[in-house]
Amino acid sequence: MNTYARQPVAFARGQGVWLWDEAGKKYLDALAGIAVNTLGHNHPRLVRALSEQIGRIIHSSNLFRVPLQEAAADRVAEITGLDEVFFCNSGLEANECALKVARKYGHDRGVAEPAIIVMENAFHGRSLATLSATGNRKVQAGFEPLVQGFVRVPLNDLEAVRQVATHNRNVVAVFIEPIQGEGGINVARLEYLRGLKEICDRQEWLFMSDEVQCGLGRTGKWFVYQHAGFMPDVVPLAKGLGSGVPVGACVTGGRAKGVFKPGNHGSTFGGNPLAMTAVVTTIDTMREEGLIANATKVGDAIRDGLAAGLANLAGVTEVRGRGLMLGVELNRPCGELVARALEAGLVINVTADNVIRLLPALVMSEAEGREVLERLIPLVRAFLAQPAKAA
């Protein structure tokens, strides 16, 4: 179907943070498949593990024990600090699971029509439920009627949440991307997250932290909520969890522990041995290679370099983000920079029309980070030197 506005480039192979197209041109990958390729391309440990697993068994179904699923769940529970893991195939499915957990939690507490607080400019997926939770009219347009039961508030506005708590007795959960990815790398302040958690505790709501894009070490800790120093009740994961193999997970603890019972949810492909091999190998490799610390070091270097290289440049609104999840907001739409960057041998993305999004693999070195700067900063400067196009 005609659902993608694709760039006219096809990548034939990759190595680390480098890609080569069909013609042999080399590119520096600062997008990592949209935060998916945690270990970069062609990581020898991942390639070996997946190849060996394919030779053993790919799929058996959840009608039987899957020992690799148990091993992966143990690792996910350990790094999240939570108790239960449901494996699925994508971030959308992980978020759908989270929404079902919240509704079931509400019904178990006698709330007939449970409501969930969500944020403006959030992105939670494209199914009917997750696009209804998403704060983007472009995603929702044409798919009405939307799923009911969502109350939208601005990000970083605790008073708005308090007002909802006062006037809506059906609320059972808060659902937040602690760093909004598709929305433009909008960062929730840590004091805001702590205040939100306090409200949830006082109201006995679930705190659901959508870490599909920002989780798995990208920000310098396993998860953003760990920067704020508290435990959520529900954490949906995907993208970087399998370093390119499709996999998602919905992780629960606290008030959400034990909400689901047998028959409440399921997945045909979720938790299959191949995907679980990817999860186990990704987490183990991240630990052994120190990739979370590397995300902080390289991410700080790139952010500082962008701030210095674009300082006092008219048209640059803000450089923001955490670790290797970075955005450069301009004062005008800048989608054409994607094609210009490809010409310069650099893979980036533009989201929210005017935010350059950088999501490199966690294996990127400081030298490779400097090369991102050397290629990107001149492109931004040249773009902003042109007269802005009329709206």
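Preceding block: the structure.
First things first, this report covers the structure right here in the doc. Please read all numbers here as calculations on a predicted model, not as lab measurements.

The rules behind these values
- Residues numbered from 1 in each chain as written.
- Predicted model: local features only at pLDDT ≥ 70, side-chain atom pairs only at ≥ 80, totals over all residues.
- Heavy atoms only, no water.
- Pairing = 2+ DSSP bridges.
- Helix = DSSP H or I, 4+ residues; strand = E, 2+ residues; numbered from the N terminus.
- Axes fitted to C-alpha atoms, helices over the stretch in contact; angles between N-to-C directions.
- Parallel < 35°, antiparallel > 145°, perpendicular 65-115°, else oblique.
- Contact = heavy atoms within 4.5 Å.
- Nonpolar A, V, L, I, M, F, W, Y, C, P; charged D, E, K, R; others polar.
- Salt bridge = Lys/Arg side-chain N within 4 Å of Asp/Glu carboxyl O.
- Buried < 20%, exposed > 50% of the residue type's maximum accessible area, 1.4 Å probe, protein only.
- Expected span 1.5 Å × (residues − 1).
- Polar contact = N/O pair within 3.5 Å; in protein donor to acceptor, adjacent residues only side chain to side chain.

As a further point, take the pairing of strand S3 (residues 26-29). Both faces of the sheet carry side chains from a regular strand, because those side chains alternate between them. The sheet contact formed by strand S2 (residues 18-21) and S3 spans three bridges and is antiparallel. When the bridges of S3 are listed, Leu19 appears paired with Tyr27.

Turning next to the packing of helix H7 (residues 158-167) against helix H8 (residues 190-203). Look at H7 against H8: their axes get within 10 Å of each other, and the N-to-C directions meet at 10°. Judged on the interaxial angle alone, H8 and H7 are roughly parallel. For the pair formed by H7 and H8, the contact residues are Leu158, Val161, Arg162 and Ala165 on the first element and Tyr192, Gly195, Leu196, Ile199 and Gln203 on the second. Residues belonging to the contact of H7 with H8 are distributed by class as follows: six nonpolar, two polar and one charged.

In this structure the tally under the stated criterion is 21 salt bridges. Asp201 is the partner of Lys197 in a salt bridge, and the nearest nitrogen-oxygen pair spans 2.8 Å. In this pair, Lys197 and Asp201 are both assigned in helix H8, four residues apart and thus about one turn of the helix distant. For Lys197, a relative accessible area of 12% corresponds to the buried category. Since its relative accessible area comes to 35%, Asp201 is described here as partly exposed. Glu371 serves as the salt-bridge partner of Arg375, at 2.6 Å between the closest nitrogen and oxygen. Of the two residues, Arg375 and Glu371 both sit in helix H13 (residues 366-385), four residues apart, roughly one turn of that helix. Taking relative accessible area as the criterion, Glu371 reaches 26% and is therefore assigned partly exposed. When salt bridges that share partners are traced, they join Lys197, Asp201, Asp233 and Arg255 into one network.

So, about helix H4 (residues 91-108). Between its first and last C-alpha, H4 extends 25 Å over 18 residues, near the 26 Å set by a 1.5 Å rise per residue. Along H4, the residues that are buried comprise Gly91, Ala94, Asn95, Cys97, Ala98, Leu99, Val101, Ala102, Tyr105 and Gly106. Between a side-chain oxygen at the N-terminus of H4 and the backbone nitrogen of Glu93 the separation is 3.2 Å; the capping residue is Ser90. Looking at the residues trailing H4, positive phi occurs at Gly110, about 90°.

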